[in-house]
Amino acid sequence: MDKKFIYADNAATTRVSQSVLDAMLPAFTEAYGNASSIYKLGMDAAKTVLASRETVAGCLGAKVNEIYFTAGGSESDNWAIKGAAEIGAKKGKKHIITTAVEHHAVLHTCEYLEKHGFEVTYLPVDEYGRVTAQQVADAVREDTCLVTVMFANNEIGTIMPIAEIGKVCREKKVTFHTDAVQAVGHVDIDVKAMNIDMLSLSGHKLHAPKGIGALYIRTGIVLPNLIAGGAQERGKRAGTENVPGIVGLAQAMKDACADIPAKNAVTSQKRDRIIKELLKIPQTRLNGHPVERLAGNINISFRGVEGESLLLMLDMNGIAASSGSACTSGSLDPSHVLIAIGLPHEIAHGSLRLTFEEDLSDEDADYIIQTVPKVVGRLRAMSPLWERICKTEGLNADGSKK
Amino acid sequence: MIYSEKVMDHFANPRNVGEIENADGVGEVGNAKCGDIMKMYLKIDNGIITDVKFKTFGCGAAVATSSMATELIKGKPVEDAVKLTNKAVIEALDGLPPAKLHCSVLAEQATKAALADYYRKNGIDPEPIVGKIEDCADCESCGS
Ligand SMILES: Cc1ncc(COP(=O)(O)O)c(C=O)c1O
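Cut-offs used in this document
- Starting afresh in each chain, residues are numbered from 1 along the sequence in its written order.
- Lettering of chains starts at A and numbering of ligands starts at 1, both following the order in which they are written.
- Thresholds applied to this predicted model are a pLDDT of at least 70 for local features of residues and 80 or more for the giving and counting of side-chain atom pairs; totals over whole chains, interfaces and linings are not thresholded and use all residues.
- Values reported for side chains reflect all heavy atoms of the structure, with hydrogen atoms and water molecules removed beforehand.
- Numbering of helices and strands runs from the N terminus; a helix is a DSSP stretch of H or I covering at least four residues, while a strand is a stretch of E covering at least two.
- Our radius of gyration is a C-alpha quantity, and the globule rule it is checked against amounts to 2.2 Å times the number of residues to the power 0.38.
- Buried means the residue's accessible area, taken with a 1.4 Å probe over protein chains only, is under 20% of the maximum for its type, while exposed means over 50%, and partly exposed covers the values in between.
- Residue contacts follow a heavy-atom distance rule, with two residues in contact if any of their heavy atoms lie within 4.5 Å.
- All accessible-area figures derive from a Shrake-Rupley calculation using a 1.4 Å probe, and residue coverage is judged against the displayed protein chains alone.
- Under the convention used here, Asp and Glu are negative, Lys and Arg are positive, and both His and the chain ends fall outside the count.
- Where a charge sits is defined by one atom per residue type, namely NZ (Lys), CZ (Arg), CG (Asp) or CD (Glu).
- Any residue with a non-hydrogen atom lying within 4 Å of a molecule or strand is treated as near it.
- The term polar contact refers here to a pair of N or O atoms within 3.5 Å; inside protein, the definition further demands a hydrogen-donor-capable atom paired with an acceptor-capable atom, and it admits residues adjacent in sequence only when both atoms are side-chain atoms.
- pLDDT is a per-residue confidence score from the predictor, ranging from 0 to 100.
- Geometry is summarised by axes, namely lines fitted to C-alpha atoms with helices restricted to the contacting stretch, and by angles between N-to-C directions that run from 0 to 180 degrees.
- These descriptions rest on fixed angle ranges, namely under 35 degrees for roughly parallel, over 145 for roughly antiparallel, 65 to 115 for roughly perpendicular, and the rest for oblique.
- Take the far helix as the reference: if the near one is turned anticlockwise from it by less than a right angle, the crossing is left-handed, and if turned clockwise, right-handed.

Colleague: How do you make sense of the overall build of chain A when you look at a structure like this?
Modeller: Within chain A one finds 13 helices and twelve strands. Here the C-alpha atoms of chain A give a radius of gyration of 22 Å, agreeing with the 21 Å that 2.2 N^0.38 yields for 402 residues. Per-residue burial for chain A yields a buried fraction of 57% across its 402 residues. Sequence separation of 24 or more characterises 71% of the internal contacts of chain A that already satisfy a separation of 6 or more. By element, 54% of the accessible surface of chain A is carried by carbon and sulfur atoms, the whole surface being about 16,300 Å². A distance of 2 Å separates the average location of the 44 positive side-chain charges in chain A from that of its 48 negative side-chain charges.

The following block contains the structure:
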């Protein structure tokens, strides 16, 4: 029997799909021209890049000239935010609004700007990790140059009311950027209907390779150039195009953005079944919104258990997952997202994130449902914290009430 | 981040997990806020550590370092166990990632805390022997 292996960490990265790989391969060895070259091989590459740009634009309801290819989500976030800040500073507007639960690509960029004279408002979130459009409206000031709110949270899967926030920003005439890295391909997005001015996306979360992404910039927003050099990306982001990556991203978006509601129906049903079963483990809670959440995201905290050892032990049992405890990334601080939704440090350390898609088999879902409680039980049995919780709260050793 | 095979082995098959009833020395260090707590139990006969058990709440390195610390002191005279250093634990595990070095300090402190408890129970002031066991609140490893 093959050793069990379930990859349940699609929010971290995804496997390149066969259709994406098939689309990319010719760009390496046959259609390898430089899109700036004048001979046919080059022109063909330029045509491929254009067709890819059209596909990406189409998936978002954007115009083709509004899509700029980048090297991924972090780059897109940095460009959008620093660019909007630079535009704002010229008009004396040095206030930015964001949320407490953004990805570090956004948060650290905002912190950088704070060191350079900008003021940043970090909107608090509710217990599910959401901000409201009203909060944004109330925070907007005369000198606000940018609102940046993520579309869907990478840790807890909570989906923000982006269309409502977009409406507020449009009314208040403030530029609105959204980090949609986790949402693209999982939520239907129409940048025009949602009044989104800038949107970041990343290929490797949708079965394209790592190191390719895009930034949608609405016509009318003249963002400063990111990389000086050649005329690629209309002079805004120089560097010979990553044609294989661009082709792969387009194929991945075409695949991911088709039939999103149908796929979500399948995925969320699996999600809800696993959540229901795992919540039967005593002293356990679901993090994130019960309904307004990505179809393939589960985030659960188990008291008395530390996240990294949970992940290592799940891996030994053939399940690759992630944790809200940033301990895995080498820092001991628990996730800022879990703290922002109000979890005590002690509980925030012991969370598990499972992220998957519609192709998770029922058998694999069953395996997860059987394995997680065993691993949690084993770790709790050796946890002095769990022992203390049971003692002080008068619980049985398995955490059930006496 | 990469763990050595030894670390993974001690995490997957931790040695000496459990508790000792009526232990001759018990020590607990760390706190839930930082994400690691270690508790160590010693059975000491005629100055020799005849049994040792531990319980740990924490990351893979926290489990592995406590497991290794118990192995290093089991069967040893208390005077030797007092000299256990976090460096010895790290070496025995073939190294630790830089971000995890504090776990080895915690393992050393858990051992010392248990030994201090043993000395105290025997009417001996532990501080001149095992030194001061720092409160985790003073630890700078975690940002909280
Ligand atoms: C919400 C969010 N934003 C940004 C990023 C960064 O994307 P990339 O890895 O492509 O730079 C990620 C992925 O880690 C993410 O989940």
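Colleague: Explanation requested: the site of the ligand in the structure shown.
Modeller: Residues and elements named next belong to chain A. The ligand sits among 13 residues. The nearest are S74, D179, Q182, S202 and K205. A distance of 2.7 Å separates an oxygen atom of the ligand from a polar side-chain atom of Q182. The separation between an oxygen atom of the ligand and a polar side-chain atom of K205 is 2.8 Å. Contact with the protein chains hides 85% of the accessible area of the ligand, taken as 400 Å² for the molecule alone. A per-element tally of the shell around the ligand places helix α3 (residues 73–90) first, with three residues.

Colleague: I keep staring at the confidence of the model for chain A and nothing clicks. Help me out?
Modeller: Close inspection of predicted coordinates is inappropriate for parts of the model with low pLDDT. Mean pLDDT for chain A: 96, with 97% of residues reaching 70 or above. Note that pLDDT drops below 50 for residues 326–330 of chain A; the model gives that stretch 14 contacts with residues more than four away or on any other chain.

Colleague: What is the right way to look at the packing of helix α1 (residues 18–29) of chain A against helix α7 (residues 243–257) of chain A in this model?
Modeller: For any two helices packed against each other, one specifies the crossing angle of their axes together with the interaxial distance. All names here are of chain A. The geometry of α1 relative to α7 is characterised by a closest axis approach of 8 Å and an angle of 160° between their N-to-C directions. Taken together, the axes of α1 and α7 lie roughly antiparallel to each other. Where α1 crosses over α7, the two elements pack in a sense that is right-handed. Residues S19, V20, A23, M24, A27 and F28 of α1 form the contact with α7, whose participating residues are V243, P244, G245, V247, G248, Q251, A252 and D255.

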